[in-house]
Amino acid sequence: MMIAKLKFCAIVSTLLFCLACQSNTLLNDHLSVPNQQWSYDQQLNSELKVNDTLGHYNAYLNLRINNNYRYANLYVLLRFQQPNSSKQLRYQFKLAAADGRWLGKGSSDIYSFQFPLFTNYRFTDTGTYRISIEQNMRDNPLVGVSDVGLVVQKQ
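Below, the structure is looked at part by part. In this text, all values refer to a predicted model and were calculated from it rather than measured experimentally.

Cut-off values and rules
Residues numbered from 1 in each chain as written. Predicted model: local features only at pLDDT ≥ 70, side-chain atom pairs only at ≥ 80, totals over all residues. Heavy atoms only, no water. Core = buried A, V, L, I, M, F, W, Y, C linked by side-chain atoms within 4.5 Å. Buried < 20%, exposed > 50% of the residue type's maximum accessible area, 1.4 Å probe, protein only. Helix = DSSP H or I, 4+ residues; strand = E, 2+ residues; numbered from the N terminus. Contact = heavy atoms within 4.5 Å. Polar contact = N/O pair within 3.5 Å; in protein donor to acceptor, adjacent residues only side chain to side chain. Pairing = 2+ DSSP bridges. Salt bridge = Lys/Arg side-chain N within 4 Å of Asp/Glu carboxyl O. Axes fitted to C-alpha atoms, helices over the stretch in contact; angles between N-to-C directions.

### Things to note about the nonpolar core
Reasoning step 1: If you look at the biggest cluster of nonpolar residues, it comprises 38 residues, and the most contacted ones within it are Trp38 and Leu117.
Reasoning step 2: Looking at which element gives the most residues to this core, the answer is strand S8 (residues 110-121), with six residues.
Reasoning step 3: When sequence neighbours within four positions are dropped, the list of residues in contact with Leu117 reads Ala59, Tyr60, Leu61, Leu78, Tyr91, Phe93, Ile133 and Leu150.

So this is what it looks like as structure tokens:
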């Protein structure tokens, strides 16, 4: 009898844990940059299927760099193709403080960043959205970038 109760409690606990861990993440794409040299033609291309136009969404750029990265900022182009229109946005992200300290999380020579691309956004139409991200710096390739990611979450 005691073993049956323990098994029941274990099953219920596991089920509750799984339900609590369910994420509102709709998209989590990632580009590993070969040789840590991000060139213009290496774009992160993602597709997102949207069925809910009433919900609010947040999108983030994830970035991982190393100490070979020479700049205090990063410029990227985001192309956002909606079912009935498209737009292009240019972002600048600050990576280092004035004294040269990296602002991201990390240690040694690898640092991770997460930057908001849009927050509290409502998609206007249902359908497939295409999002493309490319580096927009003067250097090509851009040395010191190891990973680029895109996350879209429903609030």
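The structure having been displayed, the exposition proceeds.
### Re the environment of Gln88
Reasoning step 1: Looking at where Gln88 falls in the secondary structure, it is placed in strand S6 (residues 86-94).
Reasoning step 2: Considered as a pair, Gln88 and Leu78 are ten residues apart in the sequence and their alpha carbons are 5.6 Å apart.
Reasoning step 3: Beyond its immediate sequence surroundings of up to four residues, Gln88 is in contact with Leu77, Leu78 and Arg79.
Reasoning step 4: In terms of polar contacts, Gln88 uses its side chain to reach the side chain of Arg79, at 3.1 Å.

### As for the pairing of S6
Reasoning step 1: Pairing of strand S5 (residues 73-81) with S6 involves nine bridges; the strand directions are antiparallel. Following the sheet pairing, Val76 is matched in S6 by Tyr91.
Reasoning step 2: Once S5 ends, the chain turns through four residues before running back antiparallel as S6.

### Notes on the pattern of salt bridges
Side-chain pairs of opposite charge can arise where the charged atoms are in close proximity.
Reasoning step 1: Applying the stated criterion to the full structure yields six salt bridges.
Reasoning step 2: For Arg130, the salt bridge goes to Glu47, with nearest N and O atoms at 3.0 Å. In this pair, Arg130 sits in strand S9 (residues 127-135) while Glu47 sits in strand S3 (residues 44-50), placing the two residues 83 residues apart along the sequence.
Reasoning step 3: Here Glu47 falls in the partly exposed class, since its relative accessible area comes to 46%.
Reasoning step 4: Between Asp139 and Arg70 there is a salt bridge, and its shortest N-O distance comes to 3.8 Å. Here Asp139 is found in the loop between S9 and strand S10 (142-143), whereas its partner Arg70 is found in the loop between strand S4 (57-66) and S5, with 69 residues between them in sequence.
Reasoning step 5: Classification of Asp139 as partly exposed rests on a relative accessible area of 22%.

### Points about the side chain of Gln42
Reasoning step 1: The topology assignment puts Gln42 in the loop between strand S2 (37-38) and S3.
Reasoning step 2: Of note is the side chain of Gln42, whose polar atom sits 2.8 Å from the backbone nitrogen of Ser39.
Reasoning step 3: Beyond its immediate chain neighbours, meaning those up to four positions away, Gln42 contacts Leu31, Val33, Pro34 and Gln37.

### Details of the sheet that holds S3
Reasoning step 1: Spatially, the four strands line up as an open sheet ordered S3-S9-S5-S6, and their pairing is antiparallel. On the outer flanks of this sheet lie S3 and S6, each paired with one strand and no other. Sheet twist, expressed as the average angle between the axes of neighbouring strands with direction ignored, equals 20°.

### Here we look at unusual backbone geometry
Reasoning step 1: Note that the residue after Asn140, namely Pro141, is joined by a cis bond; omega there is 10°.
Reasoning step 2: With respect to the helices, strands and loops of the structure, Pro141 is situated in the loop between S9 and S10.
Reasoning step 3: If you check the backbone angles, Asn35 has positive phi at about 55° while not being a glycine.
Reasoning step 4: Within the element layout of this structure, Asn35 appears in the loop between strand S1 (25-32) and S2.
Reasoning step 5: Taking relative accessible area as the criterion, Asn35 reaches 69% and is therefore assigned exposed.
Reasoning step 6: At Ser108, a residue that is not glycine, the phi angle is positive and equals roughly 60°.

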